[in-house]
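Coordinate inspection notes
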Amino acid sequence: ILNVEQSPQSLHVQEGDSTNFTCSFPSSNFYALHWYRWETAKSPEALFVMTLNGDEKKKGRISATLNTKEGYSYLYIKGSQPEDSATYLCAFPGNQFYFGTGTSLTVIP
Amino acid sequence: KAGVTQTPRYLIKTRGQQVTLSCSPISGHRSVSWYQQTPGQGLQFLFEYFSETQRNKGNFPGRFSGRQFSNSRSEMNVSTLELGDSALYLCASSLGGGAFGTDTQYFGPGTRLTVL
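Here goes a summary of the coordinates provided. (Residues numbered from 1 in each chain as written. Chains lettered and ligands numbered in written order. Predicted model: local features only at pLDDT ≥ 70, side-chain atom pairs only at ≥ 80, totals over all residues. Heavy atoms only, no water.)

Another aspect to go through is the pairing of strand β8 (residues 74-78) of chain B. All names here are of chain B. Where burial is concerned, most of β8 is hidden: 5 out of the 5 residues are buried. Side chains of β8 alternate between two faces, with Ser74, Met76 and Val78 and Glu75 and Asn77 buried alike. Inspection of the sheet shows strand β3 (residues 19-24) paired to β8 by 5 bridges, in the antiparallel sense. Looking at β8, one finds that leucine 21 is bridged to methionine 76. For strand β7 (residues 64-68) and β8, the ladder comprises 5 bridges, and the chain directions are antiparallel. Bridging from a neighbouring strand, phenylalanine 64 pairs with valine 78 of β8. Where β7 folds back onto β8 in an antiparallel hairpin, the turn is made up of 5 residues, including serine 72, whose phi is positive at roughly 75°. (Buried < 20%, exposed > 50% of the residue type's maximum accessible area, 1.4 Å probe, protein only. Helix = DSSP H or I, 4+ residues; strand = E, 2+ residues; numbered from the N terminus. Pairing = 2+ DSSP bridges.)

Among the secondary structure elements, asparagine 56 of chain B is positioned in strand β6 (residues 53-57). Residue classification places asparagine 56 of chain B among the buried residues on the basis of a relative accessible area of 14%. Ignoring sequence-local partners within four residues, the contact set of asparagine 56 of chain B consists of Asn95 of chain A together with Phe45, Phe47, Glu48 and Phe100 of chain B. (Contact = heavy atoms within 4.5 Å.)

Now for the nonpolar core. All names here are of chain A. By size, the foremost hydrophobic cluster in this structure holds 23 residues, and its most contacted members are Leu33, Trp35, Phe48, Leu75, Tyr88 and Leu105. Of all elements in the fold, only β2 (10-14), β3 (19-24), β4 (33-38), β5 (45-50), β7 (62-67), β8 (72-77), β9 (86-93) and β11 (103-108) reach the threshold of two or more residues within this core. Here the element with the most residues in this core is β9; it accounts for 4 residues. Once residues within four sequence positions are removed from consideration, tyrosine 88 is found in contact with Gln6, Phe21, Tyr36, Arg37, Leu47, Leu75, Ile77, Gly102, Thr103 and Leu105. (Core = buried A, V, L, I, M, F, W, Y, C linked by side-chain atoms within 4.5 Å.)

The next point concerns the packing of aromatic side chains. Given two aromatic rings, their pairing is described by the distance between the two centres and the angle made by the two planes. With the rule as written, the count across this model stands at 16 aromatic pairs over all chains. With centroids separated by 4.9 Å and ring planes inclined at 40°, the aromatic side chains of tyrosine 72 of chain A and tyrosine 74 of chain A adopt a geometry described as tilted. The exposure class of tyrosine 74 of chain A is partly exposed, given its relative accessible area of 27%. Aromatic ring contacts, followed pair by pair, group Tyr36, Phe97 and Phe99 of chain A together with Tyr35, Phe45 and Phe107 of chain B into a single cluster. (Phe/Tyr/Trp six-rings, centres within 6.5 Å; stacked < 30°, edge-to-face > 60°.)

Residues and elements named next belong to chain B. On inspection of all chains with the given rule, the structure shows 2 disulfides over all chains. Between the sulfur atoms of cysteine 23 and its disulfide partner cysteine 91 the distance amounts to 1.9 Å. On the S-S bond that ties cysteine 23 to cysteine 91, the torsion sits near 70°, and the link is right-handed. Here the residue cysteine 23 occupies a position in strand β3, and cysteine 91 occupies one in strand β9 (residues 87-94), the gap between them amounting to 68 residues. (Disulfide = S-S within 2.5 Å.)

Another aspect to go through is the pattern of salt bridges. Residue and element names in this part refer to chain B. Applying the stated criterion across every chain, the model contains 9 salt bridges over all chains. Its salt-bridge partner being arginine 63, residue aspartate 85 comes within 2.8 Å of it at the nearest N-O pair. Here arginine 63 lies in the loop between β6 and β7 and aspartate 85 lies in the loop between β8 and β9, a separation of 22 residues in the sequence. Taken as a pair, aspartate 85 and arginine 63 share a single burial class, namely buried. (Salt bridge = Lys/Arg side-chain N within 4 Å of Asp/Glu carboxyl O.)

With that settled, the discussion passes to the sheet that holds β8 of chain A. Residue and element names in this part refer to chain A. If you trace the 5 strands from one edge of the open sheet to the other, you get β1-β3-β8-β7-β6, paired in antiparallel fashion. In this open sheet, the two edge strands, each paired with only one partner strand, are β1 (5-7) and β6 (56-59). The mean inter-strand angle of the sheet, taken between neighbouring strand axes irrespective of direction, is 15°. As paired elements, β7 and β8 share 6 bridges and run antiparallel to each other. Bridge pairing in β8 places asparagine 67 opposite tyrosine 72. (Axes fitted to C-alpha atoms, helices over the stretch in contact; angles between N-to-C directions.)

Below, the structure written as structure tokens:
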């Protein structure tokens, strides 16, 4: 069983603040690292699939970086908006998909 | 393009019964994965099917099984239900052509199973 850890567990920020969270995963046998956003009462939505060390991906105000050598990925949200409130999950495919427990983000208007 | 659909959306069963959940992937997607989400455990991988074959499996007992049909639709079966099987069951589809885990997954809305 692989360990995928996310921190912090939860975060409350003011509208307009920028924020970031971390996903840590095993640095050996790396295939990919997935980020998802999961809003309450909706399906998890894929944000990024990252495959290369040093990868940086961007979608609007959200971006992610990847360091496969040290086994971590950062997700950044610039200028947080209330609609960014969700749980952000990362997933590491090994012999199965291993999900972190997520970072719950609340953006206060 | 229609998204991933799951039926039924809600289900109530009693201990000892069995249940079958269905997942229809996005058209053209050949891989379907199933996940269990419980408050205490987070999202847990059950299994993945690709072209009617189980390609990967999580750490669940044999009571949990699945299959995939030639049109890529997938079913998941849980036999001899236990109280602890109460959860949200999600399926996700992907193109499936690359190495396991490198394709974007698209999730369905889930089936909420309650076992009494």
